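# A look at the structure
Chain by chain, the residues:
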Amino acid sequence: MAQVLDQAANEPPAASEVPPFLGLSQRQSALLVALYNETDPDFAKQIPTALPIAAQQLAAEYEKRNSVGKKLERANPKYLDEYKEFETIQQEAVEQLSKTDMNIDKAAEGLDFEGNNRHDLLLGSFLYGGVRREASGPEDRASMSPVASPNFEGAKKLMERAVKLGCTMGAVQIGSFYIQEDKLANGKNMKNGEDCKKLAYQYYKQAADQGNPMACHKVAFFSENGYGCDENLDRAIEYYTKAYDQGYPDSAHNLGLIYQGHTQATAPRKELKKALEYLEQAKQWGYAASANALGRLYLLMSKNPQVAKDSGVEVDDKDEYIVTGIDFMEYAADNGDADAMLMLGLIFGSKDYGLYDMDKAQNYMELALVRGDPEAYNYLVRILRAKMAARAALEQENLENFDKLSLEDQAKLIRQVAKEATPEKVRHKQCSSTFCTNTEQKEGDYKKCGRCQRVSYCSRECQKEHWKHGHKAVCSTNAEEKPESTSTEEKSATQ
């Protein structure tokens, strides 16, 4: 009996018993566990719990590295002090509510709302503004908006008084409330037809004009994208530069993207030397996305000598560009950038550069999936199926190991067995070519691959380039396993 129980314990769970994880559907999750059971049975049993735990850990590490406090370390000390003041008072509000069993009036006893006590005004705002109306159901996201609080207007007035006392972070906070209202409720909680996006811009502008670098970055981003204001690239560059001058890494990154000139609006501003300088500075300030952008740029240099010349980085051996590009992307991946993880998985999963390594490709795709990139699921499924096919080839043909196959035969084997897991509604915002950093202006601008319908390109040239350098090996018309649609955030610029 004990032997039977041990055997049962070692058997993989049935597909219907696998819980969904990492935002995947139950069917996707079950398929992934089944594939791992064939390639790595011991790990297969741990996947439903191990991967979500890893996701939490990586997310926490990423947030710590990219906290507002760290971004403000190079700014005027006033703004870091304000941020720390906010954190301290918010924690105090939580503790006060806990002590009084969520009785707000009791928690606010003794606070001076009549005078100019900034601490008390901020604490009162947090106490009263934290209340939310009761949700009408699980789909009622609008009730989660700060503007939905029955005490919102009163709490906002207390915050505005703190702003008048020199607290620029108060204006940033109010601006963030209106952004949340837009994202969660699409302005449904606004009274008298007010535009929450315009109000968000106005409050950020108020703080930006007092020098707050976080607010300067927001005003620049809004101006670049026409959010809550007119689209104005000159104003965007002006405010990005103000934030950059105080060491704000997000603004350095976005300036780098602007001077790459990949969009119709930024093309006249194209200066690759300047783009390289901004991206390198942002990378030095610990901004992982900039290291990824640098990696892409150096890989592009290896293919396009004019890009290298315009960037002021000319070397005799093009392999130096490749080595530098991969180093930058590995730095980005090590620091939590999901797009860098995905790109490295694609690079190591293709024959390009002589870097073909299925184990590395699998590792980076796993990391990208754990970091929340839904595209990684499709590639990971292909890699695992390719490994299963390789094992079958070993058994059937008595080959000593898969790695001794020629690269051509390996690619052929992958083409024969890889089945697509194509999302129907994934938003393709960036050109899928390995060496291109172009971003579409509107969703759906780029043309999809005619066979697989899961990758998109800014031009016919990029499609041909990607086909030659990896996509050919994995492209298929088979869409047997289709994951549910999951949207991805904008990768080309930070908010």
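Just so it is clear, the structure is predicted and the values come from calculations on it, not from any experiment. (Residues numbered from 1 in each chain as written. Predicted model: local features only at pLDDT ≥ 70, side-chain atom pairs only at ≥ 80, totals over all residues. Heavy atoms only, no water.)

What follows deals with the packing of helix 5 (residues 77-99) against helix 9 (residues 168-185). How two helices sit against one another is set out by the angle between their axes and by the gap between those axes. Where helix 5 contacts helix 9, the two axes come as close as 9 Å, and the packing angle between them is 60°. By the angle class used here, helix 5 and helix 9 are oblique. In the packing of helix 5 onto helix 9, the handedness of the crossing is right-handed. In contact with Lys 78, Tyr 79, Glu 82, Tyr 83, Phe 86 and Gln 90 of helix 5, helix 9 contributes Thr 168, Met 169, Gly 170 and Gln 173. Its residues assigned to classes, the contact of helix 5 with helix 9 comprises 4 nonpolar, 4 polar and 2 charged. (Axes fitted to C-alpha atoms, helices over the stretch in contact; angles between N-to-C directions. Helix = DSSP H or I, 4+ residues; strand = E, 2+ residues; numbered from the N terminus. Parallel < 35°, antiparallel > 145°, perpendicular 65-115°, else oblique. Left-handed = near helix turned anticlockwise from the far one by under 90°. Contact = heavy atoms within 4.5 Å. Nonpolar A, V, L, I, M, F, W, Y, C, P; charged D, E, K, R; others polar.)

Our focus in this paragraph is the side chain of Asp 373. As for its placement among the helices and strands, Asp 373 is situated in the loop between helix 19 (358-370) and helix 20 (375-397). Within the structure, the side chain of Asp 373 is placed 3.0 Å from the backbone nitrogen of Glu 375, a separation counted as a polar contact. (Polar contact = N/O pair within 3.5 Å; in protein donor to acceptor, adjacent residues only side chain to side chain.)

Per-residue pLDDT for the chain has a mean of 83; in total, 81% of the residues score no lower than 70. Per-residue pLDDT stays below 50 along residues 413-428; that stretch engages in 62 contacts with residues further than four places along the chain or on separate chains. (pLDDT = per-residue confidence, 0-100.)

Turning to the nonpolar core, a few remarks are in order. Counting residues in each nonpolar core, the largest one holds 61 residues, and the members touching the most others are Leu 72, Leu 122, Leu 127, Met 169, Tyr 178 and Phe 222. At 8 residues, the largest contribution of residues to this core is made by helix 10 (residues 196-208). When sequence neighbours within four positions are dropped, the list of residues in contact with Phe 222 reads Ile 179, Ala 200, Tyr 201, Tyr 204, Tyr 227 and Cys 229. Leu 32, Leu 51, Leu 344 and Tyr 379 belong to the second-largest nonpolar core, a separate cluster that totals 51 residues. (Core = buried A, V, L, I, M, F, W, Y, C linked by side-chain atoms within 4.5 Å. Buried < 20%, exposed > 50% of the residue type's maximum accessible area, 1.4 Å probe, protein only.)

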